[in-house]
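Secondary and tertiary structure notes
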Amino acid sequence: MSLAPLLDAAPAIPLHAFAAMVAFVLGVVQLAAPKGTLPHRTLGWIWVLLMAFVAASAFWIHHIRLWGPWSPIHLLSIFTLVMLPLGVWRARRHKVNAHRWTMTSIFVGALVIAGAFTLVPGRIMHAVIFGQ
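Below you will find a few notes about this structure. (Residues numbered from 1 in each chain as written. Predicted model: local features only at pLDDT ≥ 70, side-chain atom pairs only at ≥ 80, totals over all residues. Heavy atoms only, no water.)

1. Considering the nonpolar core
Counting residues in hydrophobic clusters, the biggest one holds 17 residues, and the most contacted among them are Trp47, Met51, Ile106 and Leu111. Elements represented by at least two residues in this core include exactly α2 (12-32), α3 (38-57), α4 (72-92) and α5 (96-117). Contacts of Ile106, omitting those with residues within four sequence positions, involve Trp47, Met51, Thr80, Met83, Leu84 and Leu111. Formed by eight residues, the second largest nonpolar core is a distinct cluster that contains Ala9, Ile13, Ala17 and Met125. (Core = buried A, V, L, I, M, F, W, Y, C linked by side-chain atoms within 4.5 Å. Buried < 20%, exposed > 50% of the residue type's maximum accessible area, 1.4 Å probe, protein only. Helix = DSSP H or I, 4+ residues; strand = E, 2+ residues; numbered from the N terminus. Contact = heavy atoms within 4.5 Å.)

Right, here's the structure in full:
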């Protein structure tokens, strides 16, 4: 395992990757910790800001090009940027089940599934984890 491939990439890529890794860890904590508490709300806001950064920073990454410079990951970024405020709105309206579903969907789709695709051979995170 070596961070060299990640650190040698264009600046948007390590910023995106490190923010996603922190958001993943924080998301696991959020899913496991008691809900509705001050720490949950505080960490939740940090997670929302991290996820907004992760989604927005993806627009500066163009290694997979299916439609000009864009790829399906950019559709996921749009989905995330739309769903984050919806999830916050649902929490503020005390729509707990809808909030839970929204935030869990973002976590699974944007971090778990998209993160798994970064481990495909030829991708930077594959080189980080498994070597060149």
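Moving on from the model shown.
2. Some remarks on the side chain of His40
Inspection of the secondary structure puts His40 in helix α3. Exposure remark for His40: the relative accessible area of 15% places this residue in the buried category. Ignoring sequence-local partners within four residues, the contact set of His40 consists of Gln30, Pro34, Lys35 and His99.

3. What to know about the packing of aromatic side chains
Two aromatic rings, taken as a pair, are described by how far apart their centres are and by the angle between their planes. On inspection of all chains with the given rule, the structure shows one aromatic pair. When the centroid spacing of 5.4 Å and the interplanar angle of 20° are considered together, the rings of Phe24 and Phe107 count as stacked. Separated by 83 residues along the polypeptide, Phe24 in helix α2 and Phe107 in helix α5 bring together distant segments of the chain. The buried category is assigned to Phe107, whose relative accessible area is 8%. (Phe/Tyr/Trp six-rings, centres within 6.5 Å; stacked < 30°, edge-to-face > 60°.)

4. Considering α3
Helix length check: α3 (20 residues) gives 29 Å between terminal C-alpha atoms against 28 Å at 1.5 Å per residue, within 8%. Those residues of α3 that sit buried are His40, Gly44, Trp47, Val48, Leu50, Met51, Val54, Ala55 and Ser57. Elements that come into contact with the buried residues of α3 comprise α2, α4 and α5. (Expected span 1.5 Å × (residues − 1).)

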